[in-house]
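Fold and geometry: a report
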Amino acid sequence: ALCGLQGALPGGQVPQGIGEPSVYHAVVVIFLEFFAWGLLTTPMLTVLHQTFPHHTFLMNGLIHGVKGLLSFLSAPLIGALSDVWGRKSFLLLTVFFTCAPIPLMKISPWWYFAVISMSGVFAVTFSVIFAYVADITQEHERSTAYGLVSATFAASLVTSPAIGAYLSVAYGDTLVVILATAIALLDICFILVAVPESLPEKMRPASWGAPISWEQADPFASLRKVGQDSTVLLICITVFLSYLPEAGQYSSFFLYLRQVIGFSSETVAAFIAVVGILSILAQTVVLGILMRSIGNKNTILLGLGFQILQLAWYGFGSQPWMMWAAGAVAAMSSITFPAISAIVSRNADPDQQGVVQGMITGIRGLCNGLGPALYGFVFYLFHVELTDTDGSEKGAKLNMVNPTDESAIIPGPPFLFGACSVLLSLLVALFIPEHTGPGMRPGAYKKHSNGAQSHSHSPQGSGAEGKEPLLEDSSV
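Please read all numbers here as calculations on a predicted model, not as lab measurements.

Conventions adopted
- Residues numbered from 1 in each chain as written.
- Predicted model: local features only at pLDDT ≥ 70, side-chain atom pairs only at ≥ 80, totals over all residues.
- Heavy atoms only, no water.
- Helix = DSSP H or I, 4+ residues; strand = E, 2+ residues; numbered from the N terminus.
- Expected span 1.5 Å × (residues − 1).
- Buried < 20%, exposed > 50% of the residue type's maximum accessible area, 1.4 Å probe, protein only.
- Phe/Tyr/Trp six-rings, centres within 6.5 Å; stacked < 30°, edge-to-face > 60°.
- Lys NZ or Arg CZ within 6 Å of the ring centre and 35° of its normal.
- Salt bridge = Lys/Arg side-chain N within 4 Å of Asp/Glu carboxyl O.
- Bend = angle between axes of the 7 residues up to and from the residue.
- Contact = heavy atoms within 4.5 Å.
- Core = buried A, V, L, I, M, F, W, Y, C linked by side-chain atoms within 4.5 Å.
- Axes fitted to C-alpha atoms, helices over the stretch in contact; angles between N-to-C directions.
- Left-handed = near helix turned anticlockwise from the far one by under 90°.
- Nonpolar A, V, L, I, M, F, W, Y, C, P; charged D, E, K, R; others polar.
- pLDDT = per-residue confidence, 0-100.
- Parallel < 35°, antiparallel > 145°, perpendicular 65-115°, else oblique.
- Patch = residues over 30% accessible without salt bridge, like charges linked within 9 Å, V, L, I, M, F, W, Y side chains within 5 Å.
- Areas by Shrake-Rupley, 256 points an atom, 1.4 Å probe, with all protein chains shown as cover.

As a further point, take helix α1 (residues 23-39). Residues spaced three or four apart along an α-helix face the same direction, because each turn holds 3.6 residues. Here α1 is 17 residues long and its end C-alpha atoms lie 24 Å apart, about the 24 Å a rise of 1.5 Å per residue gives. For α1, a buried count of 16 out of 17 residues is recorded, marking the element as mostly surrounded by other parts of the structure.

Per the stated rule, a full pass over the model turns up eleven aromatic pairs. When the centroid spacing of 4.4 Å and the interplanar angle of 25 degrees are considered together, the rings of Phe-97 and Phe-122 count as stacked. Of this pair, Phe-97 sits in helix α4 (residues 87-99) while Phe-122 sits in the loop between α6 (109-118) and α7 (125-136), and the two are 25 residues apart along the sequence. When its relative accessible area of 26% is taken as the criterion, Phe-122 is described as partly exposed. Where Trp-313 meets Trp-321, the ring centres are 6.4 Å apart and the plane angle is 85 degrees; that geometry is what we call edge-to-face. Classification of Trp-313 by relative accessible area gives partly exposed; the value is 26%. Taken together through their ring pairs, the aromatic side chains of Phe-52, Trp-110, Tyr-112 and Phe-113 make up a single cluster. For the cation-ring pair, Lys-67 lies above Trp-37, with the distance from its terminal atom to the ring centre recorded as 5.8 Å.

Let us now look at the pattern of salt bridges. Taken as a whole, this structure holds one salt bridge when the rule is applied. Two residues, Arg-87 and Asp-135, come together in a salt bridge whose shortest N-O distance is 2.6 Å. Highlighted residues: Arg-87 in helix α4 and Asp-135 in helix α7, separated in sequence by 48 residues.

For the rest of this paragraph, the subject is helix α3 (residues 56-85). Taking 1.5 Å of rise per residue, 30 residues should cover 44 Å, and α3 covers 41 Å from first to last C-alpha, within 8% of that figure. Within α3, the axis deviates most sharply at Ser-74, by approximately 35 degrees, and proline Pro-76 lies no more than four positions further along. Positive phi shows up at Gly-86, right after α3, with a value of about 100 degrees.

Glancing now at the environment of Ile-183. By the secondary structure assignment, Ile-183 is in helix α9 (residues 173-194). You can call Ile-183 buried: its relative accessible area is 11%. C-alpha separation for the pair Ile-183 and Phe-34, spaced 149 residues apart in sequence, amounts to 9.7 Å. Once residues within four sequence positions are removed from consideration, Ile-183 is found in contact with Leu-32, Phe-35, Ala-36 and Leu-39.

Let us look at the nonpolar core. If you look at the biggest cluster of nonpolar residues, it comprises 98 residues, and the most contacted ones within it are Leu-40, Ile-102, Ile-129, Ile-235, Tyr-314, Met-323 and Phe-415. A per-element tally of this core places helix α12 (residues 230-257) first, with 13 residues. If we skip the residues at most four places from it in the chain, Tyr-314 touches Gln-249, Phe-253, Tyr-256, Phe-271, Met-323, Ala-326, Gly-327, Ala-330, Gly-412 and Phe-415.

Our focus in this paragraph is the packing of α12 against helix α14 (residues 296-316). The interhelical angle for the contact between α12 and α14, taken along N-to-C directions, is 35 degrees, at an axis separation of 12 Å. Crossing of α12 against α14: the hand is left-handed. Taken together, the residues of α14 that come into contact with α12 (itself represented by Thr-238, Ser-242, Pro-245, Glu-246, Gln-249, Phe-253 and Tyr-256) are Leu-304, Gln-307, Gln-310, Leu-311, Tyr-314 and Gly-315. Here the residues of the contact of α12 with α14 sort into six nonpolar, six polar and one charged.

This part covers the confidence of the model for the protein chain. Mean pLDDT over the protein chain: 74, with 71% of residues reaching 70 or higher. Low pLDDT, under 50, characterises residues 436-470; the predicted model gives this stretch 58 contacts beyond four residues in sequence or across chains.

Now for the environment of Ser-230. Note that Ser-230 resides in helix α12. Taking the C-alpha atoms as reference points, Ser-230 and Ile-432, 202 residues apart in sequence, are found 9.0 Å from one another.

Our focus in this paragraph is the packing of α1 against α4. Across the interface, α1 lies against α4 with an axial gap of 11 Å and an inter-helix angle of 10 degrees. In terms of axis orientation, α1 runs roughly parallel to α4. Where α1 abuts α4, its residues Val-29, Glu-33 and Trp-37 lie against Leu-91, Val-95, Thr-98 and Cys-99. Of the residues contributing to the contact of α1 with α4, the split by class is five nonpolar, one polar and one charged.

This brings us to a nonpolar patch on the surface. Together, Val-274, Ile-277, Leu-278, Leu-281, Val-285, Ile-289 and Trp-324 line one region of the surface with nonpolar side chains, adding up to about 560 Å² of accessible area. When residues in the nonpolar patch are grouped by element, the largest group, six residues, is from helix α13 (residues 265-293). Here Leu-281 lies in helix α13. The class of Leu-281 is partly exposed, set by a relative accessible area of 43%.

As for its position among the elements, Cys-367 is in helix α17 (residues 353-381). Sequence separation between Cys-367 and Glu-246 is 121 residues; the distance between their C-alpha atoms is 8.6 Å. What Cys-367 contacts, discounting residues up to four positions off in sequence, is Phe-240, Tyr-243, Leu-244, Ala-247 and Pro-372.

Printed below as a string of structure tokens:
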């Protein structure tokens, strides 16, 4: 499978020896981590409902909301520490704590959900992985490498939920938890044995006691800089309004599928696999065609349009075929964020790439905390509760606290709120200027030549230099 990815990697080269850091190492780490969690899709739904039989959606939203907020707060600090002490140790730390709750699912469900919430402090594997990839790729190769890592996340969910659902029915949830734990341990062993350090020795200080930039570790520092540049402000508002419903959807949609005409565990797993495959095709083949044919900005607008249609379909849909059709549309909507990352990468100065991307990452981290909590609260307000998890009753429709309540005729209220949010995001994105050139200002490379170490560990200047536009020609 890794050899099949050779053509997608920058340069198409297979790494010479296991001691040389490559994108392959990042791909394997991400795949194993999320494959392990994908196996637990079906058992987790059952344990969640058994542990919280009342207000299941609300508790699910709160659990994932706490985890997302903790990740938002801790990601910059872990990133700053990895700039000083290297990537490998923090890659090991984040994978360990992300997978630590897995065995607790069968030992103690209450401890399982408590540890999931608290694991958000270290569950920031993607941040370290992206830094790892940035260390070993040239700037013109970076978007391709990031796309490969993101596609690996989708690929890990293509088969793992289906495998987990089959094993759960055939052999019980215990075997699934044991298998997921074994894969998580394999991931940890792979990092220990096979993953080399990507941060060059000359980029690291001589001792572990070297100071870090606390401004860089401040999770709100990047958010405070958003208003300095009008284009960045528009991009960040677009990301916030579009990713907020997406984060909430990720946290609750598998539960929601059980509410729509009794989707079984096997059907949910098949749905995830199909959408995952379509998402991979959309982010690789379709995205490249659209970027070349209609341009960067129009690709973003098209992706947001697909997202609005998808959320509205989820909100009003009450038949299985509607969910499958909306899933195909959801796969097409996955082109939005890669297109946003591309427009930033093309127009930001070399020494501003990390700053602008950090702002967008910070916005997404904030949404990972607010989105699940918002969805859970809206489900609670509209009295949508999970009352059946076996999915075996034919014709079982939406489960309401009061089935005679005619005002609760909308199956998925949070998805309609999300569609309205993405509509506002689309209106904001209309004002994002599209640049045709790289937008490099004179002297940009000279400023950048100071080195990554001085850029990472020195506080940024104040005054006029700190207020210059982050993107070229940012007037709207």
